[in-house]
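Structural overview for review
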Amino acid sequence: MSDSNGGRRARFVQTTVEVEGRTETRVVELPAFEPDAWTAETPLSIVGTSPLRVDAHEKVTGRARYTADVVRPGMLYAVIVRAPIAKGTLTSLDLDHARAMAGVRAVMGPGDAPAATRLFRRQVSYAGQPLAAVCAESLLNAERAARAIAGSLVIEPAPHVVTVDDAIAPDAPRVRDTGNSTAPDVVERGDVARGLAEADVTIAREYRTPVALHSALEPHGAVCEWNGDQLTVWESTQGIFRVRSDVAKALGVPQAKVRVLKDYMGGGFGAKNGAGAHTYTAALFAQKLGLPVRCINDRRGEQTDTGNRPATVQKVTIAARSDGTLTALLLDALIPLGVAGWEGGPAQIFHELYHCPNVRTTETSVYINAGGMQAFRGPGYVEGAFALEGAMNALARALQMDPVQLRLKNLATHDERTGRPFSGNRLDECYAEGMKRFGWSSAIRHQPSAIAQPRRGVGCAAQTWPTGGGPPSYANVRINSDGSVDVLAGTQDLGTGSRTILAQIAAEALGARLDTVRAVIGDTERLPYTGNSWGSMTTPSVGPAVRMAAEEAKRHLLEAAAQMLNLPVESLTTRDSQILPSSAVSLPSSAVPLPFSEVCRRLGNVQIVGHGSRGPNPELAVVTVGAQFAEVEVDPETGVVKVLRLVAVHDAGRIINPALAESQLHGGIIQGIGYALFEERHIDRASGMTLNANLHDYKVPTMADIPDIDASFLDGADPAANHIGARGIAEPPIIPTAPAIAAAVADALGVEVCSLPLTPWRVLGALAG
């Protein structure tokens, strides 16, 4: 499809897109034109500033409407009944009693849902699996009926496994008919045996990371309403078009008959990328009863059946010469996915972060009787960074080298996994700026003391993450008759400020005042397609399409103004929503400035519209990189770790809105602190039930746990990545946080803790040897 067609320019070509660490080949429609790239020297007045986010008032006044706030006339409420054990066969349940309860309008159980929804199966594969559902006139009535159904469940139990060690035991019960593990995925370059033989120092460690739960404050939920054969879905999702295709496929209806809406969202972190049990349950009840139905997960359902970051067991060997030059890197990893999941793991960062000629990684995915994994902010890289960066810090101690100098000596100068050059990579500058801000060179390395007293330590770690974004993404920009501007794009805002970002890009390209520009997002029926907001992709994917649409609208506007003024188009430009003479010409003051609104008024009902699309990616590796530095205090009597401060410096190309970007850094770092110190799903081995499926026993960081955070980006732009010069920033800040904290703990205590989270009992266990 990339070949020319009879001398004509091919309209569709293939391009490579990296999504959540996976590499995909996609077909992309070539844009009609590509604007000149905004370089670091391009004078910009709106992009690169931090105006008040456009949805600030709605959020702080409580007027922002989330899915759980959607109320439709006559709306009913659905509750899902879930399996209480990890494996077995549902032999009976009493739906009739629940159906007769007060306020109950309908129930569903095995056989009542289309197979494609995967709902209400008799074979139980994990605790929390949906087995039935009830729909009632109030949430209270639905919950009462759901408890009645749950009390009637008769499940013939079967042996199960919920730990990786149990799953790979020779006599382990089968989780899947095909077995409990996949064939090892081995990726190798160079000659690892020779690399080990050439080494002066070899370090071997086993690192373990926990299952972490997304724990978004807003749980998964949907409101569904049928109007004839047309279905409207209000959904808390990272991908409105993907929900539409999921629902249409599962229910056997055309996509054109499904409309998905999303306004505000209270967090997703990778777990809300498509339709779920709650969506199908609401849609089926709504279809059956002819009334709108809301289905929102309760917290237990949210924590057990919407995905997780899987645990890992990572055996790492790292080898180097005495001067610190890496000669070999080896990883052998087990990843218990749950009952399902995509086979992505911690290996990729081992191939990308450092220059090393000899690397071999082996990943084996294991199935257990627990809820399946989903992408979770920096999937694979977060887990892999804890092991890789932990091994690098151990190597630095063995070599008696500064850990930053060891990293600088082994900087990757291109993507060693694919051989592609970087579009930009200033990790060395991130180290330098981070060291300066942290005071790294003067930080006191406290030697372990026999005296039991709080001990302080410092540590560092680095990250890389593919952030090029990619097609397809479309956007339209229209100028209304009063000169105001609508930016139309079928993307979604996860709470990070996408509306503000897209408005800034359009205002900059169009030469409009920012307060006249509105970004309209979150509607599959009325907006052009964009992909999911995942993998740090929204800004680098949708931003260029918005800019192109604005540039086209600007061109049409200037053409109209030039005709009205009887002047050449080339003599005009735009600024502050006015037509002005370009700097190269001098025009009569009576002719200009001409407001956008006046041009549009004279055009009457003719509306100026620009269309934009995201072009193919460059044949380059587009990554966001960064370094983080942590200082901790550890109490050797209690094992309690307190993070005192954290400095983060990242290189992400152009920053569209520094305030919003800094918020992304803070959010990722805080989530990384939780991963380092607290967050861990506990499953009862006997029953397979999650013991901490709530936000009381599953601890996430609170304000009391958050240290002083100094988070920043390097100035600059990456015009080789795309024509707005921006890369993604959502995933990168969480990746190096836990290994930086672990390194600081090791520096404080003189012993390593190789398992996360760094709970008091793990710290005390490491001290006890």
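As a reminder, the structure under discussion sits directly above these lines.
About the thresholds
- Residues numbered from 1 in each chain as written.
- Predicted model: local features only at pLDDT ≥ 70, side-chain atom pairs only at ≥ 80, totals over all residues.
- Heavy atoms only, no water.
- Helix = DSSP H or I, 4+ residues; strand = E, 2+ residues; numbered from the N terminus.
- Buried < 20%, exposed > 50% of the residue type's maximum accessible area, 1.4 Å probe, protein only.
- Lys, Arg positive; Asp, Glu negative; His and termini not counted.
- Salt bridge = Lys/Arg side-chain N within 4 Å of Asp/Glu carboxyl O.
- Polar contact = N/O pair within 3.5 Å; in protein donor to acceptor, adjacent residues only side chain to side chain.
- Contact = heavy atoms within 4.5 Å.

A few words on the environment of Leu572. By the element assignment, Leu572 lies in strand E23 (residues 572–575). Leu572 sits 159 residues away from Thr413 along the chain, and the two C-alpha atoms are 44 Å apart.

Turning to the side chain of Glu363, a few remarks are in order. Looking at the element boundaries, Glu363 is found in strand E17 (residues 359–367). One buried charged residue, Glu363, forms no salt bridge at all, with the nearest opposite charge on Arg417 at 10 Å. Within the structure, the side chain of Glu363 is placed 2.9 Å from the backbone nitrogen of Ala347, a separation counted as a polar contact. Ignoring any residue separated from it by four or fewer positions in sequence, one finds Glu363 in contact with Ala183, Pro184, Asp185, Ala333, Ile335, Gly345, Pro346 and Ala347.

Here we come to the pattern of salt bridges. Throughout the structure, instances matching the rule amount to 46 salt bridges. In this structure, Glu429 and Arg426 form a salt bridge, with 3.0 Å as the shortest nitrogen-oxygen distance. A salt bridge links Arg456 to Glu631; the nearest nitrogen and oxygen atoms lie 3.9 Å apart. Note that Arg456 is positioned in strand E19 (residues 455–466) and Glu631 in strand E27 (residues 621–634), a separation of 175 residues in sequence. By relative accessible area, Arg456 is classed as partly exposed at 35%. Overall, Glu631 belongs to the buried group, its relative accessible area being 13%. A single network of salt bridges, built from pairs that share partners, joins Arg259, Asp523, Glu525 and Arg526.

Right, let's get into the environment of Val247. Among the secondary structure elements, Val247 is positioned in helix H6 (residues 240–251). Residue Val247 is classed as buried on the basis of its relative accessible area, which comes to 0%. Counting along the chain gives 136 residues from Val247 to Glu383, while the straight-line C-alpha distance between them is 32 Å. Apart from residues no more than four positions distant in its own chain, Val247 is found in contact with Leu231, Val258, Ala275, Thr279 and Tyr280.

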